[in-house]
Amino acid sequence: MKEAKKKKTPEISIGVSISALGAFSVYLITGLFLAVGFWVIHNIYFVDLISDPSLTLRLLWIIEFPIVVIIYSLLRRNPEKCSYFRAVGRSIVGLISGALINAFGAVSLGAPIGMQSLPRTIHWSFLMSVFTVVPATAVFGASWTDWHRVFASLKPTGNIEYMILIPAYGAIIGAWFGAWPMPLDWERPWQEWPVCVCYGAIGGCIVGQIVSLSLMILLRKHKNLKLA
Amino acid sequence: METYLNNKKLIALGFLLIHSIAILIFTRGFLLTRTELPFHSTCSDVSLSPCFASQHPNHDSSSGQSNQTQPKCWTKPVVDRVIIIVLDALRIDFVAPSVFFPEPKPWMDKLTILQKLAFANRSSAKIFKAFADPPTTSLQRLKGLTTGGLPTFIDVGNSFGAPAIVEDNFINQLVLNGKRLVMMGDDTWTQLFPNQFQKSYPFPSFNVKDLDTVDNGCIEHLFPTLYEDDWDVLIAHFLGVDHAGHIYGVDSSPMINKLEQYNSVLEKVINILESQAGPGGLHENTMLIVMGDHGQTLNGDHGGGTAEEVETTMFAMSTKKHTTLVPPEFDTSSCKQNTDGKQICISSIEQLDFAATLSALLGISFPFGSIGHINPELYALGSSSWNLDDSGLGNFGTQSAAKEWMKHFVNVLCVNAWQVKRYIDVYSNSSVVGFSSDDMSRISDLYSAAEQNWSNSVKHILMDKNGDEGSTDISALLKEQIAAYLNFFSSVVELARSKWTEFNLNLMITGFGILVISLILQFLAVFHGDKSYAVGSWLSTGAAFSLFIVTIRACSFLSNSYILEEGKVANFLLATTGLIKLRYSVMRKTMRKEAFIFLAMVSVLRVSIDIGLTKQAATSQFMSSSPSWMLGIAPDHPALTYAVEIAPILSVVILICVLYIAISKAPSEGLWKYVTIGSMVSYFFIALLWASESKIFGLDGLLQVTGGRNRIPQTVYVIGLVQLCLLASTRMFCAGKDKNWAIRTVALVSACSSPVVLMSGKQGSMLALAHLVAGYCIMRLEGVERRTQSDGQSKFSKLNPLCVVQWSLLSICMFFASGHWCAFDGLRYGAAFVGFDEFVLVRQAILLTIETFGFSIILSVFGLPLLVPIHSQTPQAHGEKRHQLFQMYMLFGVISATTVTATILCVTIQRRHLMVWGLFAPKFVFDVVGLILTDLLICLASAYYL
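The shown structure was predicted, so the numbers you read here are calculated from the model rather than taken from an experiment.

Draft legend 1. Broad picture of the overall build of chain B. Assigned secondary structure in chain B consists of 33 helices and eleven strands. Within chain B, buried positions represent 59% of all 946 residues. Surface exposure of chain B reaches about 37200 Å², of which carbon and sulfur atoms provide 62%.

Draft legend 2. How the structure looks around the nonpolar core. Tyr72, Trp124 and Met163 of chain A together with Leu573, Phe862 and Tyr945 of chain B are the most contacted members of the largest nonpolar core, which has 181 residues in total. Here this core takes 13 residues from helix H30 (residues 801-817) of chain B, the largest share from any one element. When residues no more than four places from it in sequence are discounted, the contact partners of Met163 of chain A are Ile18, Ala23, Val26, Tyr27, Tyr72, Leu75 and Met216 of chain A. Grouped together as the second largest cluster of nonpolar side chains are 84 residues, Val82, Phe170, Phe193 and Phe368 of chain B included.

Draft legend 3. Broad picture of the sheet that holds strand E7 (residues 233-238) of chain B. Residue and element names in this part refer to chain B. Spatially, the nine strands line up as an open sheet ordered E6-E5-E7-E2-E8-E9-E3-E11-E10, and their pairing is mixed. Where the open sheet ends on each side, the last strands, each with one partner, are strand E6 (199-203) and strand E10 (334-337). Here the average twist between neighbouring strands, direction ignored, is 15°. Of the pairings in the sheet, the one linking strand E3 (residues 125-131) to strand E11 (residues 343-350) comprises four bridges and is parallel in character. Paired with Ala130 across the strands is Ile349, a residue of E11. Across the face of the sheet, helix H8 (residues 213-226) comes into contact with strand E2 (81-87), strand E5 (181-186), E6 and E7 while running at roughly 155° to E7.

Draft legend 4. How the structure looks around the state of the cysteines. Within this structure, the stated rule accounts for one disulfide over all chains. Here Cys198 of chain A stays unpaired: no disulfide links it, and the sulfur of Cys196 of chain A, its closest cysteine neighbor, is 8.8 Å away. According to the relative accessible area criterion, Cys198 of chain A is buried, its value standing at 3%. Its sulfur unpaired, Cys555 of chain B is 11 Å from the next cysteine sulfur, which belongs to Cys906 of chain B. For Cys555 of chain B, a relative accessible area of 48% corresponds to the partly exposed category.

Draft legend 5. Summary view of the pairing of E7 of chain B. All names here are of chain B. With six of its six residues buried, E7 lies for the most part within the structure. Side chains Val233, Ile235 and His237 of E7 all project onto a buried face; the interleaved residues Leu234, Ala236 and Phe238 project onto the opposite face, where all are buried too. Bridging between E2 and E7 involves six bridges; their strand directions are parallel. Its bridge partner being in E7, Ile84 is matched across the sheet by Ile235. Bridge count between E5 and E7: five bridges; the pairing is parallel. Directly across from Met184, in E7, lies its bridge partner Ala236.

Draft legend 6. Spatial organisation of the interface of chain B and chain A. With 33 residues of chain B at the contact, the number on the chain A side is 26 residues. Counting the surface lost from both chain B and chain A, the interface buries some 2500 Å², and carbon and sulfur atoms represent 65% of this. Looking only at chain B, the three residues that lose the most surface to chain A are Tyr562, Phe572 and Arg606 of chain B, adding up to 25% of its buried area. Remark: the boundary between chain B and chain A carries zero salt bridges. Viewed at the interface, chain A and chain B are joined by eight residue pairs in polar contact (both at pLDDT 80 or more). Put simply, the parts of the chain that give the side of chain B that touches chain A at least two residues each are helix H19 (541-556), helix H20 (560-564), helix H21 (566-588) and helix H22 (592-619) of chain B. Looking at which element gives the most residues to the side of chain B that touches chain A, the answer is H21 of chain B, with eleven residues. Along the lines of polarity and charge, the residues of the side of chain B that touches chain A split into 18 nonpolar, eight polar and seven charged.

Draft legend 7. The arrangement of the side chain of Thr852 of chain B in detail. All names here are of chain B. Mapped onto the elements, Thr852 comes out in helix H31 (residues 841-863). At a separation of 2.7 Å, a polar atom in the side chain of Thr852 contacts the main-chain carbonyl oxygen of Leu848. Setting aside residues up to four positions removed in sequence, Thr852 forms contacts with Phe815, His820, Leu827 and Phe926.

Draft legend 8. Looking closely at the packing of aromatic side chains. Tallying each qualifying case throughout the model produces 38 aromatic pairs over all chains. Seen from their ring centres, Trp61 of chain A and Phe126 of chain A are 4.5 Å apart, and the 20° between their planes marks the pair as stacked. Highlighted residues: Trp61 of chain A in helix H3 (residues 53-74) and Phe126 of chain A in helix H5 (residues 118-140), separated in sequence by 65 residues. Comparing Trp61 of chain A with Phe126 of chain A shows no difference in burial state: the two are buried. A centroid spacing of 5.9 Å and a plane angle of 90° characterise the contact between Tyr84 of chain A and Phe85 of chain A, whose relative ring orientation is edge-to-face. Each residue in the set Trp176, Phe177 and Trp180 of chain A together with Phe545, Phe548, Tyr562 and Phe572 of chain B is aromatic and connected to the rest through ring pairs, giving one cluster. The residue whose ring lies beneath Arg81 of chain B is Trp231 of chain B, and the NZ or CZ to ring-centre distance is 3.9 Å. Lying across the ring of Phe223 of chain B, Lys268 of chain B places its NZ or CZ 4.2 Å from the centre.

Draft legend 9. Local environment of the pairing of E11 of chain B. All names here are of chain B. Sheet topology places E10 next to E11; four bridges connect them, and they run antiparallel. Residue pairing across strands places Ser334 opposite Ile346, the latter belonging to E11. Hairpin connection of E10 to E11: five residues between the antiparallel strands, including Gly341 at a positive phi of 85°.

Parameters at a glance
- Residues numbered from 1 in each chain as written.
- Chains lettered and ligands numbered in written order.
- Predicted model: local features only at pLDDT ≥ 70, side-chain atom pairs only at ≥ 80, totals over all residues.
- Heavy atoms only, no water.
- Helix = DSSP H or I, 4+ residues; strand = E, 2+ residues; numbered from the N terminus.
- Buried < 20%, exposed > 50% of the residue type's maximum accessible area, 1.4 Å probe, protein only.
- Areas by Shrake-Rupley, 256 points an atom, 1.4 Å probe, with all protein chains shown as cover.
- Core = buried A, V, L, I, M, F, W, Y, C linked by side-chain atoms within 4.5 Å.
- Contact = heavy atoms within 4.5 Å.
- Pairing = 2+ DSSP bridges.
- Axes fitted to C-alpha atoms, helices over the stretch in contact; angles between N-to-C directions.
- Disulfide = S-S within 2.5 Å.
- Buried area = accessible area lost by both parts, 1.4 Å probe.
- Salt bridge = Lys/Arg side-chain N within 4 Å of Asp/Glu carboxyl O.
- Polar contact = N/O pair within 3.5 Å; in protein donor to acceptor, adjacent residues only side chain to side chain.
- Nonpolar A, V, L, I, M, F, W, Y, C, P; charged D, E, K, R; others polar.
- Phe/Tyr/Trp six-rings, centres within 6.5 Å; stacked < 30°, edge-to-face > 60°.
- Lys NZ or Arg CZ within 6 Å of the ring centre and 35° of its normal.

So this is what it looks like as structure tokens:
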């Protein structure tokens, strides 16, 4: 069954396909922009995640969001039916709804609520949304079957879906683990919400990208062997 | 199948027994208990002792003038004023010269002024090695120092909660005898003695990072006070060394700086004293004591009983010059040659003896519960000078002076021995866990032997005015008498120590081992008779994930931070399971609404847990409060007031509706329904009570009509009891007729819930509603992660561990959300008085237990059958379901037992931790009580349901 599906995928895939190298360059560009974001915040605004988390997070997602949208909208599904700008538009909707979902998850897991930490939670959710939901909305749009297949059933097909699924899950799991040091009484500034959760999410995202790259390479070899 | 299931009820009972035994054994090794006695010593008591009755004439003739000028209490005062400087966590090697240790270290020989004084020629100062008794935490040590006893973690007294000492103590005796006290430094003293100090300058002690506030405050007030004459006893408690140890460790430059600072402070103090020490001066007859309350390890930890922690030091100095008169037999000094080849000696003392010795020096009655004896060397530092003056040094010489001192000392020891014996007798008569009769008779023998000796010979010698003839004979007799008393004291102390202070590691490990074995057995019991499913369920993701969650939670107890925030951790894990369920429900395209509602309920609970945490932070010394959850709404906003008044009553109304729907839907009728209707009536009464208490409904007159505010709660309790009796009797006499769990569970849970809701107060009904909704969602989501719908249908009796884990986590969240935490100040004492005004121990204790564990254990255990999905009513499926229910109960028990085992392991590992008595031990007590209660209720529930 699985074999059959895999063999069929190249035919039914109607989107742009991407090689492992292409995926790597996408990761490199997004990662570069994240780094640029950190550099800008550090050298122009003279703050960092610890001293002013809400400003930092806001700048980070504002810098990161356009580049993610630009790149992933290029990889959108059904490019002939759906224009580039539509993809951009729907990813803005995705950004907001993704932020809502992330904020809901974070609050139920125990993120601080209240006026003081509200901006931090909001900007953290936007950043998480950029990592998790925005690429998927840019590519899938409102196609519920694709969402369901990729995110819920964990049955990605093709490199793009690997690129969407694995870093997103990586970011969520990383953020989950990132919350663990928060209650400890070390009294370090990075134990504040959402500093270590952010580090966890970014770390998890990077791990997810590495895993997805290696999966792409492995599966391609596998497929090549199969074809041969 | 039937007999097999009947045996299963015995399995639950068996685990209750095993757990009780394991916990009993562990507790006997870990938590040592002692009863606090409310008695106080008074000056007139001493006439009951055998020491003075014929003694007075002797004293009157030889030193009559002093007896008439100052009223004598138990002993003759020998010093006028005492300055006690406590340096917290002072290790012995901070004070004693480095030649006493294998190799010199950078932190040694920093308090040079003390060494210089102690080892000068003809000095009236001495360095002691002092032995503290564990637990070596400041609070317990101060208690021990002042009461002269051995405080344990649980000093069963009437001061549950407030730390103030109610036992008789040295400070209290000082006040009773009209001495004036001044205190500065660590605010623990003012917590222990709220009213005793005439003047006090307390400084907060809990901020460990702050090395200087307390010390600087002390120094600022110490020097001016030394020049004043409006006090008799001055206590200055410095904390810098303790804090420096906790933060930087012993081998660090802040520590050495602190010691150097102390050296200069002490030098200045001693200069002031010496400048005022002349005849008629302010400090003519003053004693300076510089002491540590306990030691510390090289990492700065203390609390336990290792040599580094219990060995502290005491420096004592009298402003009068004299030579030592202590006979060499009772000299405990150990001597070394220092680098100059000079002989230097340090003595040793038990901290236990501090209260008795100082009482004797100041001439006040000894604290009632003191079991220490008067240390000859410390006593001699003060009393030698007095004796020399008194008996005219010129004629007699040192030999005779020593004899004179011994006569005095043996007399004081006689009083001391009588007082200790009195305490031991009273204690073993009035305490629940007294001493064994063997021990008592051994001690009585020793005492009566010493007493015999006293009344036969020594008393006559003391009465004999011409004690010159046969002086060697007399001093030998005196020495024999002193030795007999000291022998008595040491056996008393040995007995008390073995009962009150030592961890028994063997018992602790045995208890832990039994618990681990029971855990394995219980685990096997879950899968017993379930071979075909066992493999399948073991490999399922749900089981693996459950195991992961339970393991994480168990491991989290190894850190004090996670114990403090246990509610948040449980909530985090519960929300995680909720998210996993949400993913599966999206994947299966069913029950998405339930998954979302479950997460929403978890969010509601977490807000409630946050509110509870802020309450905890207000009293806890380990937590800082974080008001970040506060919403920006003014607390007295009218809309908010209305909401606060109406929401609980609305929730009660909703609960009544839910019960109505439950019984109207149920197919069978009979008693269960009537019981449930009883609960609805109870709920109605609760709503009525709350409505009449609030102002907005205008029902104030209602309370008068019903006859006081206690009538309604009492009615609710009575209804609950009647319901339970009905349920039990129905179960006994009409067994096996009704196979429908749902209605039986509803009846039982509703019967239990109404008193719990009533006692929990207004939040109770809302929490009950949240519990109900979350439980319903867990039930609906049960099995959502199974592969297909049909798979779940056919094998419905396959155990799903994840939902039991969720239920268990939910119950833990309920504990914290209902405003409790694992500390004795987390008990809601007010709840015990809902419906009653006067205090009856047993009744109020039962109510408090029901309130504390009501949501988290009672309702959770009895409500567990609600998680069994109602798929089929066929009789043959009923057996399967009973089996599944049994497995669920066993699994619930395993989860509780796992966390308790983890707590016990953590307590065993951390028994020397700084917070062992503040944090780990209360957590242990709560967990253990919870586990026993869970086991008991599982027994009852399996008798009721299976």
